[in-house]
Amino acid sequence: MGVIRAVVKGCGHYLPERVVENEEFAKTLDTSDEWIRARTGIERRHFAAEGQKTSDLAYEAATNALKNAGMTGDDLDTIILATATPDQTFPSTATRLQHAIGMTGGFAFDIQAVCAGFIYALANATALIESGHAKTVMIVGAETFSRIIDFTDRGTCVLFGDGAGALILQAETGDGTGDDRGVLSTDLNSDGKYNDLLYVDGGVSSTQSTGLLRMQGQEVFKHAVSKLASSGETALKLAGLSAEDIDWIVPHQANLRIIKRTAKKMNVSMDKVVVTVQDHGNTSAASIPLALSVAVKKGQIKTGDLLLVEAIGGGLAWGAAVLRW
Ligand code: UT7
């Protein structure tokens, strides 16, 4: 019997022009290129120019995705934009993007699940498509974390970068098997008792200011490996597939050590893992769509490949999804 699947029709990404190498941090902080590379795998990251907003990055990524899909803004019913660094408290950055790409109908909204935001957006887009509420959905992860970094805290400021990635999903009829193209399963989780491990020390209703990012890195690290592996396994089980079926893991790009340990825990070899953290740093909700788009452009990910995507971040919020490209 035929089932509705959310199938990828195109993707795109954008990175701001300014590249910041690890050495730049060593000029003002007690840190080094060696420490950052060894502990995180990060070599460089991109920072948005002065005045360049999250919606500007999202616009470039969205335009590239539309071009890749051979579509215009008016071919979309819905935009879901995942960000923890919106242009303004309101309106949503998604509605700014909607207008910028010339989309005159449908609806657009933001999702806030920090680094897991793209997985949450993917799950919501899939639900809208599978339930018949939308036919064509663009999901975007876009962030300007350089705006909320404490540049005096060496434990966090070297980790993050700015960027955006976008994916267009469209309803297609599948057979209801693991051979179908499209999103085959999603698994979302959060646990608010871990709020204090990774947060921004400001906000509209608390301090009436933006605040800066604070993280207990080691604690987040410990949760990351176990929660990502277990969510990945749940998503595979829900899809009726196993780790041997995976062509590519496309993980959240926070730390190469987390990426390696999670892959090992899942028994997937590193030559099946897309890694971009060395060039992008941690771009929060943008990291997975950026990695997807880069891997497609490089010819790594091809039509028909089975992908596992997984992410964890502030909340804690985490999740995974299985999709056939
Ligand atoms: O995207 C959301 C999810 N976030 C993550 O997944 C991040 C998870 N956490 C991590 O990736 C790692 O915990 C970090 C990269 C943040 C830190 O690495 P670590 O191996 O856990 O280091 P640590 O925090 O245990 O610090 C070890 C030492 C400390 O010095 P002492 O106390 O041993 O003297 C730190 O002060 O390294 C020091 N340190 C640094 N040294 C040079 C911390 N940051 C730096 C730095 N340069 N940038």
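Provided above is the structure to which this section pertains.
Everything in this summary refers to the structure shown in the same document. Fair warning: this is a prediction, and the values are worked out from it, not measured in the lab.

1. A look at the site of the ligand
The ligand sits among 24 residues. The nearest are Thr31, Arg39, Gln218, Asn255 and Asn282. Interatomic distance of 2.5 Å between a side-chain N/O atom of Gln218 and an oxygen atom of the ligand. A distance of 2.8 Å separates an oxygen atom of the ligand from a polar side-chain atom of Arg257. Considered on its own, the ligand offers 950 Å² of accessible surface; in the complex 74% of this is hidden by protein. For the ligand, the cavity whose grid points lie within 2 Å of the majority of its atoms is the second largest pocket. Mapped onto the shell around the ligand, the elements with two or more residues apiece are α2 (33-40), α6 (154-157), α7 (217-238), α8 (256-265) and β12 (306-313). The element contributing the most residues to the shell around the ligand is α7, with four residues. A breakdown of the residues in the shell around the ligand according to their chemical character gives 11 nonpolar, nine polar and four charged.

2. Focus on α7
Between its first and last C-alpha, α7 extends 31 Å over 22 residues, near the 32 Å set by a 1.5 Å rise per residue. Where α7 bends most, at Ala224, the angle is about 25 degrees. For α7, the complete set of buried residues consists of Val220, Phe221, His223, Ala224, Val225, Lys227, Leu228, Ala229, Ser231, Gly232, Ala235 and Leu236. Elements in contact with the buried residues of α7: β8 (182-190), β9 (198-200), β10 (213-215), α8, β12 and β13 (317-324). Gly240 lies just past α7 and shows a positive phi near 70 degrees.

3. Concerning the pairing of strand β4 (residues 78-82)
The element β4 is extensively covered by neighbouring structure, given that five of its five residues are classed as buried. Neither face of β4 is exposed, since Thr78, Ile80 and Ala82 on one face and Ile79 and Leu81 on the opposite face are all buried. Strand direction decides the pairing type here: β4 and strand β5 (residues 107-111), joined by five bridges, are parallel. When the bridges of β5 are listed, Thr78 appears paired with Phe107. Between β4 and its parallel partner β5, the chain crosses via helix α4 (residues 93-100), and the hand of that crossover is right-handed. By the bridge criterion, five bridges tie β4 to strand β6 (residues 136-144) in an arrangement that is parallel.

4. Concerning the environment of Gly217
Here Gly217 lies in helix α7. By relative accessible area, Gly217 is classed as partly exposed at 33%. A C-alpha to C-alpha distance of 30 Å links Gly217 and Gly12, two positions 205 residues apart in sequence.

5. Some points on the layout of surface pockets
If you add up the space inside the largest pocket, you get close to 900 Å³. Forming the walls of the largest pocket are 37 residues, and the residues nearest its centre are Ala84, Thr85, Pro86, Gln112 and Val200. For the lining of the largest pocket, the secondary-structure elements that each account for two or more residues are β5 and β9. Its residues assigned to classes, the lining of the largest pocket comprises 15 nonpolar, 18 polar and four charged. Counted as a void, the second largest pocket has a volume near 570 Å³.

6. Considering the packing of α7 against α8
For the pair α7 and α8, interaxial distance at closest approach is 9 Å and the crossing angle is 40 degrees. Looking at the two axes, α7 sits oblique to α8. In this structure, α7 meets α8 at a crossing whose hand is right-handed. Of the residues in α8, those touching α7 at Phe221, Ala224, Val225, Ser226, Leu228, Ala229 and Glu233 are Arg257, Ile258, Arg261, Thr262 and Lys265.

Reading guide: rules and limits
All residue numbers refer to position in the chain's written sequence, counted from 1. Local features in a predicted model are, by the rule used here, given only for residues with pLDDT of at least 70; side-chain atom pairs are given and counted only at 80 or more, and totals for whole chains, interfaces and linings are based on all residues. For side-chain calculations, the full set of non-hydrogen atoms in the structure is used, while hydrogens and water are omitted. For this description, a residue counts as near a given molecule or strand if any of its non-hydrogen atoms is within 4 Å of it. N or O atoms within 3.5 Å of each other form a polar contact, as long as, within protein, one can give a hydrogen and the other can take it, and as long as residues adjacent in sequence are counted only when both atoms are side-chain atoms. Computed with the Shrake-Rupley method and a 1.4 Å probe, the accessible areas treat only the protein chains shown as cover for residues. Every definition here rests on a 1 Å grid over the protein atoms only: cavities are sets of points where a 1.4 Å probe fits but cannot get out, pockets are open sets enclosed by protein on both sides within 12 Å along at least five of seven lines, and lining residues have some atom within 4 Å of a point. Pocket or cavity membership: a molecule qualifies when more than half of its atoms sit within 2 Å of the grid points of that site. By definition, any uninterrupted DSSP run of H or I lasting at least four residues is a helix, any uninterrupted run of E lasting at least two residues is a strand, and each is numbered from the N terminus. Under the scheme applied here, ten amino acids are nonpolar (Ala, Val, Leu, Ile, Met, Phe, Trp, Tyr, Cys and Pro), four are charged (Asp, Glu, Lys and Arg), and all others, including Gly, are polar. In this scheme, a helix's expected span is set at 1.5 Å multiplied by one less than its residue total. At any given residue, the bend is defined as the angle formed between two axes, one fitted to the seven residues that end at that position and one fitted to the seven that begin there. A simple rule labels every residue: compare its accessible area, found with a 1.4 Å probe on the protein chains alone, to the largest value its type can have, and call it buried under 20%, exposed over 50%, or partly exposed in between. Should any heavy atoms of two residues lie within 4.5 Å, those residues are considered in contact. For two strands to be treated as a pair, DSSP must find at least two bridges joining them. Looking down the strands as they point away from you, a crossover is right-handed if its path from the first strand over the helix to the second goes clockwise. Grid points are joined across faces, edges and corners, and a volume is the space filled by probe spheres set on the points. To obtain an axis, a line is fitted to C-alpha atoms, over the contacting stretch when the element is a helix, and the angle between two such axes runs from 0 to 180 degrees between their N-to-C directions. Angles below 35 degrees are treated as roughly parallel, those above 145 as roughly antiparallel, those between 65 and 115 as roughly perpendicular, and all remaining angles as oblique. The sense of a crossing depends on the near helix, which, turned anticlockwise from the far helix by less than a right angle, makes the crossing left-handed and, turned clockwise, makes it right-handed.

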